[in-house]
Structure formats: structure tokens, C-alpha cells
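Now for the letters of each chain:
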Amino acid sequence: MSFKRTLNFRVPIFVKLAALSAFLIFLVISTSTYLILGKQKEQFTQELMNLGENMVRIAANNSADKLLGEEELDLFRLVNDISENEHIVYALITDRKGVIRSHSNIDNVGKVYAPPNEVVFQENESDTRIGRFLEGGEERFYFESPISYQGLTIGRAYLVISQKMILESIRHAKGYVLVITFIIIVVGILLSVVFGIYFSRPIRKLQESTRAVGKGDFDQRIHIERNDELGDLASAFNEMAQGLSEREKIRETFGKYVTPEIRDEILSGRIPFDGERRIATLLFSDLRDFTPYVEGNTPEEVIKGLRSYFTAMQKAISRNKGLVLQYVGDEIETVFGVPLIYEDHAQKAIMAALEMRAVLEELNTVRTAEGLTPFRHGIGIHTGIVLAGNTGSEDRLSYTLIGETVNLASRIQGLTKQIKCDILASEETVVRLTGDFRVEKEPPQMVKGYSKPITVYRVVG
């Protein structure tokens, strides 16, 4: 299939660069301005909410004695001090009958206070009521807190805050940004024109050579004698042409693997395609009560929860030199000691399991705070000989571990349900530990597929 241009109208590159620069500058600045100013408005609004809530509480906490003692002057000073803040529209204190005893506008003293109409209150766990309402086309914040004395409500403190100053500041900032944006766009267009013309000639050479390479001429080379990025681009082009034939081989090989560790081992030639026997430590992790969790939550929540769990566990495993082989449902299969060889793989597996326990507690703290069901998991660890190699089809390979060690590690993980603990390790793993680990030996256990009982240890810490 050939591709030919059918338009006779030719747009010079410097015009395209100028238009693109103007668009990108406008897009970046406008987007950044929108996000930054929006964030600032949100932060300022939250600060106003906190200010109002704190102020109305201060008024309520400091007015009980004054209200009972009918100390009108002290109440007026309290309200007046609070109202000196530039954002506060008015503040007032009423008795239990709703009669205004003190107001930032003294003319309102003695009247029955009527709250603003159509106040929309937000949820709040404290006894302070916080709401919003419109007045004169402006959104204002409304705060109300009871005044208590020995458990009895004897009055209320009220506060209204305006956003006017914040909104005016944001409007001024937008105008300033528009002026700066216009200046930058003009400068950007001029620079784009100059550089577009400057780059046109070497780009034509690159274009011609690219066409030749596209036709299969990998011997194509270009020479641009310039000590700048275009000169570097010419050198990079030459290196690209030289490496094109190698690229296909690399892409085909890499496409069959899913982890950087395996990729590096393949390129170095250290993984035989027929497999090899290695001593390694396997770790299996499985979520508990996963089926009820799936049944009780939406698919979106289940996927989100699994992703957060897998991410946290994978980081703990990677920090201890482990390699996640695969995720099967809610289960994680991990190996230590292959394909990267190191002697303390058993100890690394135990350390990874303990870190997985810790990060799961942190994850559950967040989930509990969000009202979500906390996760529980069981971890089984076993050390032994495995056959490590590539399996699968000719088009899609998978790095896999095969052998009794893998099966037994999975069975030990299943024992955590029976023994009611979260981490179990086999005796073959525990004897290799050199660090200060706390383990407790369990009675011999029978597992499916094995005629003799096995010895496992509860990993305490």
C-alpha cells in the first residue's frame, strides 16, 4: 500500500510550529491556571470553613458565663473581637429563646434572630452546624453552635462568613494570567517561526533518509555537521538504522516475558529454554473470605480492592528481592532465589512475609477509615528444589516453576486456615534462617497429596 499526498496546498513547517506553539502554550497555561486557581479556591474555602467553625466555637465556649450573668458589655466585646476578621459578615449570640443578646451590628440587639432562608447544611459529626446559602448573588457560609452550661443549652452563637475577597483575588489572578498568556503566545509564535526555518533543511535530509529506511535500506546513513540536537538526531538515526535488524529479534524475545528480571536474564543468556534445577523458596499468599467479599461488593470495588492489595504486596515482595510469578484470582505466587541467584532466599522470603503483614495492617487502616471491609490473608513458605524454566506455546512463553516444592508451598498456605495464623513456614525454610526471627513449632500436619506429615512453624515476628 502506498501513501501519497493529495493536497496541493503546502503549509510550511514554521507556520505549523507557530500554530502548535500558540495552542500548546494556551492549553498548558489555561489548564494549569484552571487547576491551580481551582485548587487555591478549594483550599481557601476550606480555610474559611475551618475559621468559621473555630470562631463560632470560641464564641460559644466563652459566652456561657457572660450570658448567664447578663454581662452585655463583655458579650459585645467578644462578638466585636470576632467580627474584626475581614471575612466575617456578622456574628451574634442569642439566649435560649432566640433573642439576640449581642450582635456585631448593635442595632439588632434585642430582636429575635431569624436564620437565613434556604441554608443547605453539610454533614458534620460535631454539634456545630455548618451550611451554605445565597444572599445578594453571593454564596456565604453559615455557622451555628450551641452555648451550654452544665449540660443545658442556654443559647446559641451564630457566624456568617463571606467569600467575596477570595473570589475577587481569584478574578484578579485570572486577568493577570490572561495578559501573561498573550505575551508568551506572541513570543512563542516568533520563536517558532525562527526555529522552524532553522530546522527545515536538516529535517529534509532526515525525511529522505527515513523514506529509504522505510523501503528496507538499513545501510542508509546521513551526515549533518551540527553541534546541536539535530546533529544528535542524525547520529541517533544512524544508530537506529544499524539496530533495526536487532530490534525484531529483541522485540520477539521480550514479548514473551512480563517482568524486567526475566528479561535481563534472557538477554544475558542465563536462562536455558529447557529449564534448570535450582534451590529456591516459594511464597504463596491467598486472601481469606474472598468469595463473600466478591458477593457483597460491586465488581468495580472488588477490582479496586484487589489492585490496592496486590500493589502493596508486590512492593513488599520486591523490596526483599522476590519475584511475583503470577496472580491467580486472589492468590499471589512468588519465588525467591531464581532466576536471580542469592543464598539468603529463605530469609528474604520470611522478611517479605513479615513486611506483607505490616503493609496489610496499613492498608486495612485506610480501608476501615473508608468504611470498607479489611482484608485477611494466609502466607505459606517452603524451600526446596524446583525446575525453573520456560513453558507455554512457541509464540507465548511463560517463566514457570515446577516441582514438589511448589505444590507443598501452596499446601502450607492452605494450612494457615486450619492452624488459624497468617504466616506458616516449612522446616526446610526455617533451618536456613540466620537472623533473629521468632517462630513457633506446630504439631506435625498432614496435607493433601502427601503420605507423611510435615513440620511447619508459625512465624511470629
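Keep in mind the model is a prediction, meaning the values are calculated, not measured.

Engineer: Teacher, can you tell me more about the packing of aromatic side chains here?
Structural biologist: Aromatic ring pairs: the centre-centre distance and the angle between the two ring planes describe each pair. In this structure the tally under the stated criterion is eight aromatic pairs. When the centroid spacing of 6.1 Å and the interplanar angle of 40 degrees are considered together, the rings of Phe290 and Tyr293 count as tilted. Placement of both Phe290 and Tyr293 in helix α7 (residues 290-295) is noted, with a separation of three residues, approximately one turn of the helix. Residue classification places Tyr293 among the buried positions, given a relative accessible area of 7%.

Engineer: So what exactly am I meant to see when it comes to the nonpolar core here?
Structural biologist: The tendency in soluble globular proteins is for nonpolar side chains to be buried as a group. Grouped together as the largest cluster of nonpolar side chains are 35 residues, with contacts concentrated most on Tyr309, Met313, Ile350 and Ile381. Examining the composition of this core, we find that nine residues originate from one element, helix α9 (residues 345-369), more than from any other.

Engineer: Sorry, what's going on with α9 here?
Structural biologist: Since the α-helix turns once every 3.6 residues, residues separated by three or four places project in the same direction. For α9, built from 25 residues, the straight-helix expectation of 36 Å at 1.5 Å per residue is met to within 8% by its first-to-last C-alpha distance of 36 Å. Of the residues flanking the end of α9, it is Gly371, one or two places downstream, whose phi is positive at about 80 degrees.

Engineer: Looking at this model, I keep getting lost on the side chain of Arg140. Mind explaining?
Structural biologist: Position of Arg140 relative to the elements: it lies in strand β5 (residues 138-149). Among the polar contacts made by the side chain of Arg140, one reaches the side chain of Glu135 at a distance of 2.4 Å. Ignoring sequence-local partners within four residues, the contact set of Arg140 consists of Val89, Gly131, Arg132, Phe133, Glu135, Val160, Ile161 and Ser162.

Engineer: Quick question: what am I supposed to make of the pattern of salt bridges here?
Structural biologist: Pairs can form between side chains of opposite charge once their charged atoms are near each other. Going through the model one piece at a time under the given rule, you end up with 15 salt bridges. In this structure, Arg132 engages Glu139 in a salt bridge whose closest nitrogen and oxygen atoms are separated by 3.4 Å. Assessed through its relative accessible area of 29%, Glu139 is described here as partly exposed. In the salt-bridge network here, residues are joined through shared partners; they are Arg129, Glu144 and Arg156.

Engineer: Would you take a moment to explain the confidence of the model for the chain for this structure?
Structural biologist: Detailed conclusions should not be drawn from predicted coordinates in areas where pLDDT is low. Taken over all residues, the pLDDT of the chain has a mean of 82, while the share at 70 or more is 87%. Mean pLDDT values over the elements of the chain span from 61, in helix α6 (residues 260-268), up to 94, in α9. Predicted confidence is poor over residues 254-258, with pLDDT under 50, and the contacts of this stretch with residues over four places away or in other chains come to 14 contacts.

Rules of the game
Residues numbered from 1 in each chain as written. Predicted model: local features only at pLDDT ≥ 70, side-chain atom pairs only at ≥ 80, totals over all residues. Heavy atoms only, no water. Phe/Tyr/Trp six-rings, centres within 6.5 Å; stacked < 30°, edge-to-face > 60°. Helix = DSSP H or I, 4+ residues; strand = E, 2+ residues; numbered from the N terminus. Buried < 20%, exposed > 50% of the residue type's maximum accessible area, 1.4 Å probe, protein only. Core = buried A, V, L, I, M, F, W, Y, C linked by side-chain atoms within 4.5 Å. Expected span 1.5 Å × (residues − 1). Polar contact = N/O pair within 3.5 Å; in protein donor to acceptor, adjacent residues only side chain to side chain. Contact = heavy atoms within 4.5 Å. Salt bridge = Lys/Arg side-chain N within 4 Å of Asp/Glu carboxyl O. pLDDT = per-residue confidence, 0-100.

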